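In case you want the letters, here they are:
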Amino acid sequence: MSNYTADKIPKKKLLSLQLDLSKFERATDAEKEQHETMRESTTFFRDGMHKLFKNPLAVISMIVLVLIIATIIVAPMIVPYKYSEMITIDGRRDKTAKNLAPLTYSVNEQKAIAAGQEIFPHIFGTDELCRDYFIRVVYGARVSLSVGFFASLIVLIIGLLYGSIAGYAGGRTDLIMMRIVDVIYSLPDVLMVILLSVVLDQVLGTSLQGTALAALGSNMISLFIVFGLLYWVGMARLVRGQILQIKTNEYVLAARAMGAKPSRIIRKHILPNCMSVIIISTALQIPSAIFTESFLSFIGLGVQAPMPSLGSLANAARQALQAYPYKLFFPAIGICLIVLSFNLLGDGLRDAFDPKLRR
Amino acid sequence: MSETTLLQVKNLHTSFFTDAGEVQAVNGISFNLDRGKVLGIVGESGSGKSVTAYSLMRILTDPGRVTEGEVLFKGEDVLKYSEQKMHSFRGSRISMIFQDPMTSLNPVYTVGNQLREAIKIHTNRNPKQVRERALEMLQLVGVNEPEKRLKQYPYELSGGMRQRVMIAMALACEPDVLIADEPTTALDVTIQAQILELMQDLQKKMGMSIIMITHDLGVIADICDEIIVMYAGRVCERGTADEIFYNPCHEYTKGLIRSIPKFGARHEKLVPIAGSPVDLLNLPAGCAFASRCDCAMKICLTEHPEEIRMNDKHIAACWMNVKKVYDEAKEGEKQ
Amino acid sequence: MSQTPLVDVRHLKEYFSVKSDMLTKLQLKAVDDVSFTIEKGETLGLVGESGCGKTTVGRTLLRLYKPTAGEFYFDGNLITDDNIAKYRKDMQIVFQDPYSSLNPRMTMGDIVGEPLDIHHLYSSKAERRDKIAQLLQLVGLNSEHARRYAHEFSGGQRQRVGIARALAVNPRFIVCDEPVSALDVSIQAQIINTFEELQEKLGITYLFIAHDLLVVQHMSRRIAVMYLGKIVEIAPADEIIYHPSHPYTKSLISAIPLPDPNAARERHRIILEGDVPSPLHMPKGCPFRSRCRYATAECAEQCPELKEIASGHQVACYHPQG
C-alpha cells in the first residue's frame, strides 16, 4: 500500500517484564466461548411484569384491588344480612335500628343479646331504612365494579373492531369512519344518558319486569346503551392510531411480500403488537366508567332502589350529611380507592409495557 | 503537559445505572488533544465513543454518570466545575455538533432565532451586533442567501444545509475545541464530502481543535491527525493516521481494516470479525475483544492488556505485541 | 448469452400523488422510466443517494407498491396483479432495518417458519421444525435460537434471520434493500459474505440496493447509478469504478471516503455545488443539470436517454466524460 515503515518496538523494555510464558499460548475455542455469556432469555411479557412489580405504587394498587375484590366475594358469605333486608329481631322489624353508628347495636338488639342471641355486628352501622350499611356498601362496590368492567368491555369490543377496520382499510373507508367518530365525539354524553333513560323508561316500562334485567333497572340499561353508543370512540381512535403506526413497520411489508392475506396480517402481526396499549387503555377506562356510573347514580339516574351502588349510596347520604356523616364517608372512600387503584395500576402498566417508554 | 496540550482526559469511567444493571460504557480511557489538531475517535456501536464526548461536555442524561477520572481543560478539571461555570464553558470553550441535523435543531424556532440564541448566551453583544455575527457565521459556513435563511425554519432546509447551520451555531463563539459526533453519518455521500471539506477549511481558518467521532474509517483516514480506536469503552490503539492504517498493532483494528470492502479488490473475500459486539452489562475479565479474536491467548482472557508504547507516535493495548517481541527474541536466540 | 434474463424491467414508473396544499396535487416521480435486466445468478447493484428512488424500485418489483406504468418480466413471464400470488415464492426481499423488519412478538423460529406456513411447505410439525433448523444453520445461526425473541439478538443476527426468512420459500430472486446499512462495519462483512456464499451455493439472483458504493462494487457484477428517479449510468462494476462517465457518477466516486490516508490525501474530490432539487418540482430536462459543471442549453431541453458508449456501458448524458 505504501512504503511507510514504523519504528521498531523498544525490545529491551518489554523483555525485562517478568511474564509467565505459558499464558501466551493460544486460547482454545471452548475457553473463548465461556468468556462471553449470553443474558438469560426473557420475553417482552416477563420483562414488563418484572418492571411492573418494581413499581411500588402499582404494587400497592394491585394489593388494594385484590383486597377489595376478595372482600366483595367473601363478605356476603360471612355477613348474614342482605342488602335489601331490613333488620329484624325474632322476625319483627326493628324500628330502633335506624341510622345506627358503626359498630353499635340498636336498643332492641342489645336486649336480644342480653337474652343470649348472637347478632352479627353492624360494621358500618345501618341506614335510614334499617338495612345493614356494610353489606350495602359491599354490594354497591360489586355493582360499581361490574358496571365499570362491562362498560369497558363494550367499549373495548366496539372500539377495537371499528378502529382496526378503519386503520387497516385506510383510504376513503378510513376517512368516512373517522368523520363519524368525530361527530359522535362531539355529542354531550350526560345529556344523552338522561334523554335515553327517560325514553327507555317509557318505552320499555313494564316489559322488563320479571327478567333478569329488571333488577338493574332501566337506568342501568340506558347507561350500558349509551356506553355502547358513545364511549367507544376514544378506543377506536387509539386502535386506529396504533394500527397506522404498526402498518409502517417493515415486518408487515415482509408478510405481504410472503403472500400473507390481510386477515393473517391483522391477526398475527398487527393486533398482538398493539395489545399492550389497548390493555392499558382499557385498564384506565374502568375507573372512568365507574366514576361516570357513580356520578349518574349520584344525580339520581343510576341503579334503581333497593340495589345500591356506591354513587347512589353517596347520594342518599348527602341528605343526612350533618347528622350522620359516616354514611357518606364509606361509599366515598370506596369510590376513591377503586378509581385511584385502577388509575395507578394503569399508569404502572403503561410504564412497564409501553414500548415507547423503554430505556 | 506541554504548552500545546489543550485537553487531557485521564482514566475516564462512565456507567449507566439502568434497571437491568450497570452498563459500563466507558472503562478507563485517556488521551490528549493538542491545539489545532484533529483527533478521530473511531469505534462501532457500543464502543463508548459518543458517551465519552457526552461525558466531556457533561451532558450525560440520567442514569448515566461519570464514575471516575479527570478531564483537564487548560489544566482545570472540568468534571469539578460548578453548574454555573459549566454554563459558560459549554458552547463557548468546547462546543458540539450532533449526528442528526433534523432532531438537533428545534423545529419550532427559525434558524436565525437559534443561531442568535447561541451567540446571545455567551457574548455581550447588542441585538444588532448579534444579527451581524449570525450573518457572518452563515457566510463562513457557506450557506447561500444568509438573510433569507435566517428567517427559515429547519424543515425548509436540506440535510446538508442544516448541518452547516449546526456548525455555524457551534463555532459562533470561537471555541477552542469542537466535538463532532458522527456529523456526516446521516448525510448523503456527496453532501458528506462538502461538509468534511468545510470542516477542514474552517479548522485551518479558525485554528480550533476538533474531536471527530465516527464509525467510518474512510472519514477518519481523510481528515484526522491522530486516531483513537475504541472497543467496549477502552482504547485499543492510539496513533497517527498513517500508523493506525499502515501499522495496526491491535487485532481489532486489523480485523476492522480487513473487513471493509476496498476499491478494486472485488474478488477478494472479506475477512469479517467473528461474533457479535460485546454486551456492556457483562463485561468479561481480560481483554473485551478476546472472544472474537483469532489470535486470542490464555492471558487475553484473564488480564487486561497494558498500553504499550510502540513508537513515539503509537500506543497499543494488545498482548500480541508482547508475544511478537518474545517470539522475535527467541528467533534471535536460536540463530 | 442469449438466455432470457431472469429479471427484465421495462420503463418502470412509480408516481405518488402528494398534496402540497388543500387544492393542488403534485406528483412525486419516485421512479421515472427505469429499465434494466439481470441475468440468472448475477448481482446487479443499484446505487444512489437518498430520494433517488432505489428503494421504491425494489419494492415496486415485488408489487408492494402498485406500479404506475411499465412492465416486469420474470423469467419471460409478465407479472401482473393477478399472477403475482403465484410468483411470491420466487421473489423475496430483505429489508434494511433489522429492528423493524422482525415482529417483536414472534419467536425467531416462527418468523422464519411463517413463509412455510403460508405456502404449506411441510406435511408435519417435525418437518417444519427441521426445515426451520436447516434455514437457521444456512445463515450461520444456531438452531436453538429458534425459541428466542428478536430483542435478545444483535443487529447482525436479526439480519440473518431476515435472510433466512427470505430463503424459506427457495426464491430465485432476492431484492436486498440496503441490507447492511444499519449494521456495524465488522458485522457488515459477515452478512456480505453470507450473501455471497448463498449465491454460490444456491444460484440466487440479487438486486442489491445500497448507498455505500464500496459495498456495492464488492458484491455486484454490474452497477446501475440512479439520480432523482432515473438511471443515469449502468455498466460493469469495474467500469463504474475506474471509468465513470456520467458527471454524477464521477463526483460520487470521488466523494467516497477511502480508508487509506495516502489515497485520501492524493485524491482530488469533485465537490458538487448546491443541493439535490426536490423531486416534487423537478426541473425540465436532465435532473442533474442544476449541479453539473458541464451543463449546456441542450441539457435543459430534454432529458437524455441511456446510450451505449462502450460494451455493456450505458450513460444518459449529453456530455459523457472519459
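Residues numbered from 1 in each chain as written. Chains lettered and ligands numbered in written order. Predicted model: local features only at pLDDT ≥ 70, side-chain atom pairs only at ≥ 80, totals over all residues.

**Let's talk about the overall build of chain A**
What counts, and what does not: Secondary structure elements are taken from DSSP: a helix is a run of H or I of four residues or more, a strand is a run of E of two residues or more, and numbering for both begins at the N terminus. Residues with at least 20 neighbouring C-beta atoms inside 10 Å of their own are called buried, those with 12 or fewer are called exposed, and the rest are partly exposed, where every C-beta is derived from the backbone. By the convention adopted here, residues are in contact when the distance between their C-beta atoms, placed from the backbone, does not exceed 7 Å.
On a plain count of helices and strands, chain A comes out with 13 helices and 2 strands. A burial count over chain A gives 35% of its 359 residues as buried. Considering only contacts within chain A whose residues lie at least 6 apart along the sequence, 70% involve residues at least 24 apart.

**Some thoughts on the overall build of chain C**
Helix and strand content of chain C: 11 helices and 12 strands. C-alpha extents for chain C along the principal axes are approximately 70 × 50 × 50 Å. Per-residue burial for chain C yields a buried fraction of 49% across its 322 residues. Contacts spanning at least 24 positions in sequence make up 65% of the contacts within chain C whose residues lie at least 6 apart.

**What about the packing of helix 6 (residues 133-169) of chain A against helix 13 (residues 326-353) of chain A?**
Residues and elements named next belong to chain A. The criterion, for reference: Axes, fitted as lines to C-alpha atoms, cover a helix only where it is in contact. Angles between the N-to-C directions of the axes lie from 0 to 180 degrees. For classification purposes, angles smaller than 35 degrees are called roughly parallel, those larger than 145 roughly antiparallel, those between 65 and 115 roughly perpendicular, and all remaining angles oblique. Crossing handedness: left-handed means the near helix sits turned counterclockwise from the far one by under a right angle, and right-handed means the same turn made clockwise.
Relative to each other, helix 6 and helix 13 sit at 30°, their axes nearing to 11 Å. Comparing their axes, helix 13 and helix 6 come out roughly parallel. Between helix 6 and helix 13 lies a crossing whose hand is right-handed. Residue-level contacts link Y133, V137, G140, A141, S144 and L145 of helix 6 to K327, F330, P331, G334 and I338 of helix 13.

**Some points on the sheet that holds strand 12 (residues 314-316) of chain B**
All names here are of chain B. For the record, the criterion: Strands were regarded as paired on the criterion that DSSP finds at least two bridges between them.
Taken in spatial order, the 8 strands of this open sheet run 6-7-8-3-9-10-12-11, and their pairing is mixed. Unpaired on one side and paired on the other, strand 6 (94-97) and strand 11 (308-311) mark the two borders of the sheet. Between one strand axis and the next, the sheet turns by 20° as a mean value, whatever way the strands run. Lying over the sheet, helix 1 (residues 49-57) contacts strand 3 (38-42), strand 6, strand 7 (177-181), strand 8 (209-214) and strand 9 (226-231), oriented at roughly 145° with respect to strand 7.

**A look at the interface of chain B and chain C**
Here is the rule: Any residue that is not Ala, Val, Leu, Ile, Met, Phe, Trp, Tyr, Cys, Pro, Asp, Glu, Lys or Arg is counted as polar, Gly included; the first ten are nonpolar and the last four charged.
Chain B puts 37 residues into the contact, and the matching count from chain C is 33 residues. Mapped by element, the contributors of at least two residues to the side of chain B that touches chain C are helix 7 (159-171), helix 8 (189-206), helix 9 (217-223), helix 10 (241-246) and helix 11 (251-259) of chain B. Per element, the largest residue contribution to the side of chain B that touches chain C is 6 residues, and it comes from helix 8 of chain B. When its residues are assigned to classes, the side of chain B that touches chain C shows 17 nonpolar, 12 polar and 8 charged.

**Considering the environment of A:K95**
Residue and element names in this part refer to chain A. Among the secondary structure elements, K95 is positioned in the loop between strand 2 (92-93) and helix 5 (107-114). Given 12 C-beta atoms within 10 Å, K95 falls into the exposed group. It is 28 Å that separates the C-alpha atoms of K95 and R142, two residues lying 47 residues apart in sequence.

**Section: the pairing of strand 4 (residues 64-73) of chain B**
Residue and element names in this part refer to chain B. As paired strands, strand 1 (residues 5-18) and strand 4 are joined by 8 bridges and run antiparallel to one another. Bridging from a neighbouring strand, Q8 pairs with L72 of strand 4. Here strand 4 runs beside strand 5 (residues 76-77); their pairing, made up of 2 bridges, is antiparallel. Its bridge partner being in strand 5, F73 is matched across the sheet by E76. Counting the residues in the hairpin turn of strand 4 and strand 5 gives 2 residues, including K74, whose phi is positive at 50°.

**Observations concerning the packing of helix 6 of chain A against helix 11 (residues 262-298) of chain A**
Residue and element names in this part refer to chain A. Running from N to C, helix 6 and helix 11 point in directions that differ by 145°, and their axes come no closer than 8 Å. Two packed elements cross with a definite hand, and for helix 6 against helix 11 that hand is right-handed. Contact with helix 6, carried on its side by S144, V147, G148, F149, A151, S152, V155, L156, L160, S164 and Y168, involves P262, I266, I278, T282, Q285, I286, P287, A289, I290, E293 and S294 of helix 11 and no other residues of that element.

**A closer look at the confidence of the model for chain A**
Keep in mind that low pLDDT regions are not for reading the predicted coordinates in detail. Operational definition: pLDDT is defined as a per-residue confidence score from the predictor, taking values between 0 and 100.
Confidence in the prediction of chain A, expressed as mean pLDDT, is 77, and 79% of residues score 70 or more. Low pLDDT (under 50) marks residues 1-10 of chain A, which in the prediction has 16 contacts with non-local residues, meaning those over four places away or in another chain.

**Observations regarding the sheet that holds strand 6 (residues 91-94) of chain C**
Sheet strands line up and pair through hydrogen bonds in the backbone, either parallel or antiparallel. All names here are of chain C. Pairing is mixed in the open sheet, where 8 strands are placed in the order 6-7-8-3-9-10-12-11. Both outer strands of the open sheet, strand 6 and strand 11 (307-310), are each paired with one neighbouring strand and no more. The average angle at which neighbouring strand axes cross in this sheet is 20°, direction not considered. Packing of helix 5 (residues 155-167) onto the sheet brings it into contact with strand 6 and strand 7 (173-177), and relative to strand 6 it is tilted by some 175°.

**Quick look at the confidence of the model for chain C**
Taken residue by residue, chain C gives an average pLDDT of 88. The fraction at 70 or more is 98%. Two numbers describe this predicted complex: its pTM, 0.80, and its ipTM, 0.85.

**Points about the environment of B:F89**
By the element assignment, B:F89 lies in helix 2 (residues 83-89). Filtering out sequence-adjacent residues up to four positions away, B:F89 remains in contact with B:V78, B:Y81 and B:I94.

**Some points on the pairing of strand 4 (residues 69-74) of chain C**
Each regular strand carries side chains that alternate between the two faces of the sheet. All names here are of chain C. Of the pairings in the sheet, the one linking strand 1 (residues 7-19) to strand 4 comprises 5 bridges and is antiparallel in character. Directly across from D8, in strand 4, lies its bridge partner Y73. Between the antiparallel neighbours strand 4 and strand 5 (residues 77-78) lie 2 residues, among them D75 with a positive phi of about 55°.

**A closer look at helix 6 of chain A**
To keep it simple, the criterion reads: In a helix, the anticipated span is given by 1.5 Å times the number of residues less one.
Taking 1.5 Å as the rise per residue, helix 6 of chain A with 37 residues should run 54 Å; its terminal C-alpha atoms sit 53 Å apart, in good agreement. Directly after helix 6 of chain A, the chain includes A:G170, whose backbone phi takes a positive value near 65°.

**Re unusual backbone geometry**
Residue B:P63 is bonded to the preceding B:D62 through a cis peptide linkage, with omega at 5°. One can find B:P63 in the loop between helix 1 and strand 4. In the Ramachandran plot, C:D33 falls in the positive-phi region, its phi being about 65° despite a non-glycine side chain.

**Things to note about the environment of C:K230**
Residue and element names in this part refer to chain C. With respect to the helices, strands and loops of the structure, K230 is situated in strand 10 (residues 230-236). Note on K230: 24 C-beta atoms within 10 Å, which makes it buried. For the pair K230 and G48, spaced 182 residues apart in sequence, the C-alpha separation works out to 10.0 Å. The residues touching K230, leaving out its near neighbours within four places in the chain, are D32, D33, V34, P287 and A316.

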